[in-house]
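These are the residues of each chain, in order.
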Amino acid sequence: MWNYCLLRSNDGSPAASEWKENMSTERYLTFALGKGRLASKTMELFEKIGITCEEMKDKHSRKLIFVNEEYKLRFFLAKSPDVPTYVEYGAADIGVVGKDTIMEENRRVYEVLDLGYGKCRMCVCGPGSAKDLLKHHEMIRVASKYPNIAKDYFYNKKHQTVDIIKLNGSVELGPIVKLSDVIVDIVETGSTLQENGLEVLEEICPLSARMIVNQVSMQMETERIRKLIHDLKKNL
Ligand code: PRP
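Since the structure is predicted, the reported quantities are computational estimates derived from the model, not experimental observations.

Asker: Sorry if this is basic, but what is going on with the pattern of salt bridges here?
Answerer: Side-chain pairing between opposite charges can occur once the charged atoms of the two side chains come close. Tallied over the entire structure, the rule returns 18 salt bridges. A salt bridge links Arg 107 to Glu 88, with the shortest nitrogen-to-oxygen separation between them at 3.7 Å. Here Arg 107, found in the loop between α3 (99-105) and β7 (110-114), pairs with Glu 88, found in helix α2 (residues 83-88); they are 19 residues apart in sequence, far enough to count as distant. Each of Arg 27, Asp 93, Glu 221 and Arg 224 takes part in a single network of salt bridges with overlapping partners.

Put into structure tokens, the structure is as follows:
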């Protein structure tokens, strides 16, 4: 059985609670964070509830795993598409990654919390002239870093047969060089589309950062994980 205590932060703010477990706890709770902006935002949020990891702040470090000995926590940074994999197999108890990756990877994990940051949209984009192709359910070519999301959208929601071409980045090139008619991609500010003469043709779904949990960890560490979710929610 885990014990927790809520401590006041240094600034004495009642909203900023400190998350701490019984020091007799043996097991480390391991977090897999999607590399980049999402990881920085996540650590900022964790700091608000007293979870800190100083060694993660060193931008020059090539270290892959970081430990908070006091609270028995471990953090590692991974490529976003790998985060749900680490969590499904239990190499990480908890993961933080974009909803786009969760949908694309479709792993057996619990999605427990919408963290609210990293907001963007999954969209079908292309030149304005491609609108008609979508309207008339024509056989079109769709380029995407997210072939599963594209497939689900066109096959199951739109009932349109399409040819999906997997790309690994700079997907906007697809329609420009005539590899594809449209793309399925993330739109955040819209500037990449605008600068390349493309536009949003259809919106698939909104996206943001989510917390995911390994199914066994959720059973074994229920109290500890629930407490974490509860404290995070208060600071969103
Ligand atoms: C993402 C996405 C778009 C762009 C959208 O690409 O795939 O290309 O950001 O952002 P915007 O609406 O603010 O312009 P990313 O930067 O991850 O690089 P990539 O194209 O190499 O995958």
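Asker: How do you make sense of the site of the ligand when you look at a structure like this?
Answerer: Around the ligand lies a shell formed by Lys 145, Gly 169, Ser 170, Glu 172, Asp 185, Ile 186, Val 187, Glu 188, Thr 189, Gly 190, Ser 191 and Thr 192. Between the ligand and Gly 190, the relevant distance is 2.7 Å, taken from an oxygen atom to a main-chain nitrogen or oxygen of the residue. About the coverage of the ligand: the protein hides 65% of its 490 Å² of free accessible area. For the shell around the ligand, the secondary-structure elements that each account for two or more residues are β11 (182-187) and α7 (191-195).

Asker: For this particular structure, what's the right way to read unusual backbone geometry?
Answerer: Leave glycine aside and you will find that most residues have negative phi; peptide bonds, for their part, are mostly trans. Backbone geometry at His 159 places phi at a positive 50°, although glycine is not the residue there. By secondary structure assignment, the location of His 159 is in the loop between α5 (147-157) and β10 (162-166). Non-glycine residue Lys 178 carries a positive phi angle of around 65°. Along the chain, Lys 178 falls in the loop between α6 (173-176) and β11.

Parameters and conventions
- Residue positions within a chain follow its written sequence, with the count starting from 1.
- For a predicted model such as this one, the threshold for reporting local features is a pLDDT of at least 70, and the threshold for listing and counting side-chain atom pairs is 80 or more; totals across whole chains, interfaces and linings nevertheless cover every residue.
- As a convention, hydrogens and water are excluded, and side-chain values are obtained from all of the structure's heavy atoms.
- Salt bridges are counted wherever a side-chain nitrogen of Lys or Arg sits within 4 Å of a carboxyl oxygen of Asp or Glu.
- Secondary structure elements are defined from DSSP: runs of H or I of at least 4 residues count as helices, runs of E of at least 2 residues count as strands, and each element is numbered from the N terminus.
- Here a residue is near a molecule or strand as soon as one of its heavy atoms is found within 4 Å of it.
- Here a polar contact is taken to be a pair of N or O atoms separated by no more than 3.5 Å, where protein atoms must pair a possible hydrogen donor with a possible acceptor and residues adjacent in sequence count only if both atoms sit in side chains.
- Only the protein chains shown count as cover for residues, and all accessible areas are computed by the Shrake-Rupley method using a 1.4 Å probe.

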